[in-house]
Every structure is written in structure tokens, then in C-alpha cells.
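Observations on the model geometry
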Amino acid sequence: MSERRPFREVKLQWLRLLSCDANINDNAKCVALYIVTAHVNGHTEKAWPSYKTIAEATGKSVKSIQRAIRDLEIGGWLSVQRGNGVGHNTEYCPTDASILKASELREKTDKSAPLTPSEGGQICPERRSDVSGKRGQICPPNLEKEKNIKPNAREVRAKAVSRRSIPVVVLPTARTRQVNEWNAWLAEKTLPDLARFNLATSVDGSSGYQLPGRWPPEGGSDKEQDCLSYFLSRLPASAHQEAAQAACLEAA
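Residues numbered from 1 in each chain as written. Predicted model: local features only at pLDDT ≥ 70, side-chain atom pairs only at ≥ 80, totals over all residues. Heavy atoms only, no water.

**A short note on the environment of E91**
Along the chain, E91 turns up in strand β2 (residues 91–94). Each C-alpha atom, one on E91 and one on K46, is 6.6 Å from the other, the two residues being 45 residues apart in sequence. (Helix = DSSP H or I, 4+ residues; strand = E, 2+ residues; numbered from the N terminus.)

Pasting the structure below:
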């Protein structure tokens, strides 16, 4: 029997198995796809989006979201711990049974090996020498031609993000649900929580945080890169020291 892996390592296999479950309708599959890709924390394996948040993101009604969550719970895909609505959101977590099935599928995938040409695998073309078969001349390599002069796409994107201004809003600390979701997003990015950043402010006597949005961004979006750049540029000095210490210990 396969060992249970962390959900972040088998998320793709989990979604694959869910998509093949004939007992789960497309509405529920869509909701599950949004929750696990946009909100499930990579370390705690939990998510806390509200029905309204899911409905706005998927374009469905709140009642449809409620039915989908119930179907996923009955089908054994999500474990749901319902909150009381007062600072305690409903908590979603992929079930251990579903993660174990995904781990088994991942193990089968890891064990698969490509076939050699004699066993029916893909035939790879033989590497040719610098000399042609018709007494061709040996050509020295053209270093200028082989040199990659194209700019690194990641560096260009990072510079563009750093130059782009990011609008900032003040999120009151009393908005515990939004603060919790921001802290969960930061934890997924292995960053400290909001309290450790120098983002505290006060408006009309109410305390709050200066943030690049009222809600964390969706995974893979341009806004996610902007938010990540925003927090990295404001990383507290203590966090830099902890990262340096961890690097030293790993090297030792």
C-alpha cells in the first residue's frame, strides 16, 4: 500500500481522479477545482473561502455552491467543518482517503519508464558528427551564433512588476476572515504573517493593514505576481536573517 503524500505533491493526480468520478457532477467538479487551486494551503492542506467568494469566482449562485460542497462531502472528496459565520469560516480539506488514492496514482506514474526502441518506444535520431558522409569539411562552432542573446523572460517580467505601481487598500484588522485568508496565502508562499510586516496603519482611530487588495489573488494570475513582489519588497529584516540562518544550516 502506498504511503500518503502531502496534498501539494499529488494535487494534479487528485484532480485527475475527481474528473473521472461519474458520481460527481460538473458543477461540483468546478467548485472543487477552484477551492484546491486557489485556496488550499500547501502546508495545512486547508481552505476557508466563503460561499460568496466561491460564487463570485465561478459565476454560480450561492445555492449551487452549497449543493456542490454537499456532493463533494458525500462523495468523499472534501472534509467540511462548518463555521458559525462569526469570525469562523467553514473549513475545507481534501479527505485522507482521496489523498491516499492520489498518492497511489502518483506512485504508479513515477514508476513508469520509457520503452527502448527495441521494446516499441520512441526512436531517437542518431547524433550526427560535424563531418558529412560525402567528405564534408569540419566546421568549427560559431560561438557568436550559439550564444543566447535573448533576454531572460523571468528577469524582464520581474523588472516590469517592480516598476509597476501596485494600488494599496487599508484592510481593518477587525475583518478576521480576510486577514486569515491573507495569512494563509502568505504561509503558502513561505512568508511571515501580516503582523510581522511593517504594514500596520490607523484610519479614523481604527487599526488596519496596508495591503495590495482586500482578498488574496488567485493562483497563477498577474495580480499574484504583483502581490508577491509587494510583500517581498517589504520583508522584515528578521525574516531575512532567519532565511540566511536556514541556508547556513542546510549548507553545513
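Let's pick the thread back up.
**Topic: unusual backbone geometry**
Backbone geometry at E45 places phi at a positive 60°, although glycine is not the residue there. Its location among the elements puts E45 in the loop between α2 (26–38) and α3 (51–58). Taking the relative accessible area as the measure of exposure, E45 reaches 11% and is therefore buried. Even without a glycine there, the phi angle at D204 is positive, about 55°. Under the relative-accessibility criterion, D204 is labelled exposed at 79%. (Buried < 20%, exposed > 50% of the residue type's maximum accessible area, 1.4 Å probe, protein only.)

**A short note on the nonpolar core**
Within soluble globular proteins, side chains that are nonpolar generally end up buried alongside one another. If you look at the biggest cluster of nonpolar residues, it comprises 27 residues, and the most contacted ones within it are W14, L18, V31, I35, I54, I69 and L72. Elements supplying a minimum of two residues to this core: α1 (11–19), α2, α3, α4 (62–74), β1 (78–81) and α5 (96–111). For this core, the leading source of residues is α2, giving seven residues. Dropping the residues within four chain positions of it, V31 is found in contact with I54, K60, I65, A68 and I69. Counting 15 residues, the second largest nonpolar core, distinct from the first, contains L191, Y209, Y230 and L235. (Core = buried A, V, L, I, M, F, W, Y, C linked by side-chain atoms within 4.5 Å. Contact = heavy atoms within 4.5 Å.)

**Overview of a positive patch on the surface**
Where like charges cluster on the molecular surface, the positive patch consists of K52, R175, R177 and R214. One can find R177 in helix α8 (residues 176–188). Judged by its relative accessible area of 32%, R177 is partly exposed. (Patch = residues over 30% accessible without salt bridge, like charges linked within 9 Å, V, L, I, M, F, W, Y side chains within 5 Å. Areas by Shrake-Rupley, 256 points an atom, 1.4 Å probe, with all protein chains shown as cover. Salt bridge = Lys/Arg side-chain N within 4 Å of Asp/Glu carboxyl O. Lys, Arg positive; Asp, Glu negative; His and termini not counted. Charge placed at Lys NZ, Arg CZ, Asp CG, Glu CD.)

**Brief notes about the environment of R16**
You can see R16 is positioned in helix α1. The exposure class assigned to R16 is partly exposed, which follows from its relative accessible area of 49%. Each C-alpha atom of the pair R16 and L105 lies 9.5 Å from the other, and the pair is 89 residues apart in sequence.

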